[in-house]
Amino acid sequence: MMSAADFAAIRLTLELAAVTTAILLVVGTPLAWWLARTHSRLKGVIGAVVALPLVLPPTVIGFYLLVALGPHGPVGQLTQALGLGVLPFTFAGLVVGSVVYSLPFVVQPLQQAFEAIGERPLEVAATLRAGALDTFFSVVVPLARPGFVTAAVLGFAHTVGEFGVVLMIGGNIPDKTRVVSVQIYDHVEAFEYAEAHWLSAGMLVFSFLVLFALYSRKRGVTR
């Protein structure tokens, strides 16, 4: 059966995924809208930067985040000057790492949803003298709702399954930075395979249900 440490890791993981997803939706929505609408030469560069976590090893991302957020890094010096201390090996550091690592899983579905809207609805809104914000929230957001659902679900699920980045930047501190993936690793290292099975099976079921829900929703929308 699962121990108190296992339940603490599950709670921390869900909290991290919820906070990360909320931040990603706030940050990723305008970024995805810009990528979907812009004709700037920087579109390719920004798009490639956003997609980097898809191809980079998590340890590479974690290492550079650790350097940047550390006491001698540019971000670390800024947070220290603001009286916030350093972010590595804290929950806030986990959030920063998770936002960076899960960014493409939120931005890309939103960008695709925005691009699928086309010009016609925006032109109609313009003829009715709707402002930019009014058009976005009254026209774009409702039409792109499936993209928002997909982005939120993928961002949440991907954060739940993180290992390399969170281990590099958060370490393995009980009740503070030890998430489910790290807890499974600890069980395996200690040859506690029964406990590892419980958590791993839970992750497997969770991942299957997420993918099943997404594919079912996509099939329903297509119909």
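Residues numbered from 1 in each chain as written. Predicted model: local features only at pLDDT ≥ 70, side-chain atom pairs only at ≥ 80, totals over all residues. Heavy atoms only, no water.

Per an unreviewed UniProt entry, the protein chain goes by Molybdenum transport system permease and derives from Aromatoleum diolicum. The UniProt entry for the protein chain carries this comment under Function (unreviewed entry): "Part of the binding-protein-dependent transport system for molybdenum; probably responsible for the translocation of the substrate across the membrane." For the record of the protein chain, the UniProt heading Sequence similarities (unreviewed entry) holds the text "Belongs to the binding-protein-dependent transport system permease family. CysTW subfamily." (UniProt positions renumbered as here; feature names shortened; annotations may be inferred.)

Observations regarding the overall build of the protein chain
The helix and strand tally for the protein chain stands at 11 helices and 0 strands. Put simply, the protein chain runs from its N terminus to its C terminus through helices and strands in the order α-α-α-α-α-α-α-α-α-α-α. Its C-alpha atoms give the protein chain principal-axis dimensions of roughly 65 × 50 × 30 Å. Within the protein chain, contacts between residues separated by at least 24 positions form 71% of all contacts whose residues are at least 6 apart in sequence. Carbon together with sulfur atoms contributes 70% to the accessible area of the protein chain, which is approximately 12,500 Å² in total. (Helix = DSSP H or I, 4+ residues; strand = E, 2+ residues; numbered from the N terminus. Contact = heavy atoms within 4.5 Å. Areas by Shrake-Rupley, 256 points an atom, 1.4 Å probe, with all protein chains shown as cover.)

Quick word on the UniProt feature "transmembrane region" (unreviewed entry) in the protein chain
Mapped onto this numbering, the UniProt entry gives "transmembrane region" (unreviewed entry) at residues 12-33, 45-69, 81-101 and 196-215. End C-alpha atoms of residues 45-69 are separated by 24 Å, and the span's content is 92% helix alongside 0% strand. Along residues 196-215 one finds 100% helix and 0% strand; the C-alpha atoms at either end are 28 Å apart.

Some remarks on the packing of helix H1 (residues 4-37) against helix H2 (residues 43-55)
Two elements in contact, H1 and H2, have axes whose closest approach is 10 Å; the angle formed by their N-to-C orientations is 140°. Viewed along their axes, H1 and H2 adopt a mutual orientation that is oblique. Crossing geometry of H1 relative to H2 is assigned as left-handed. Facing Leu31, Trp34 and Leu35 of H1, the residues of H2 in contact are Lys43, Ile46, Gly47 and Val50. Each residue belonging to the contact of H1 with H2 can be placed in one class, and the counts come to 5 nonpolar, 1 polar and 1 charged. (Axes fitted to C-alpha atoms, helices over the stretch in contact; angles between N-to-C directions. Parallel < 35°, antiparallel > 145°, perpendicular 65-115°, else oblique. Left-handed = near helix turned anticlockwise from the far one by under 90°. Nonpolar A, V, L, I, M, F, W, Y, C, P; charged D, E, K, R; others polar.)

Concerning the pattern of salt bridges
Taken as a whole and judged by the stated rule, the model has 3 salt bridges. Of the charged contacts, one joins Arg11 and Glu15 as a salt bridge, the two residues approaching to 3.2 Å between their closest N and O atoms. Placement of the pair is Arg11 and Glu15 together in helix H1, with a separation of 4 residues, close to one helical turn. Between Asp186 and Arg178 there is a salt bridge, with the nearest N and O atoms lying 3.4 Å from each other. You can call Asp186 buried: its relative accessible area is 18%. (Salt bridge = Lys/Arg side-chain N within 4 Å of Asp/Glu carboxyl O. Buried < 20%, exposed > 50% of the residue type's maximum accessible area, 1.4 Å probe, protein only.)

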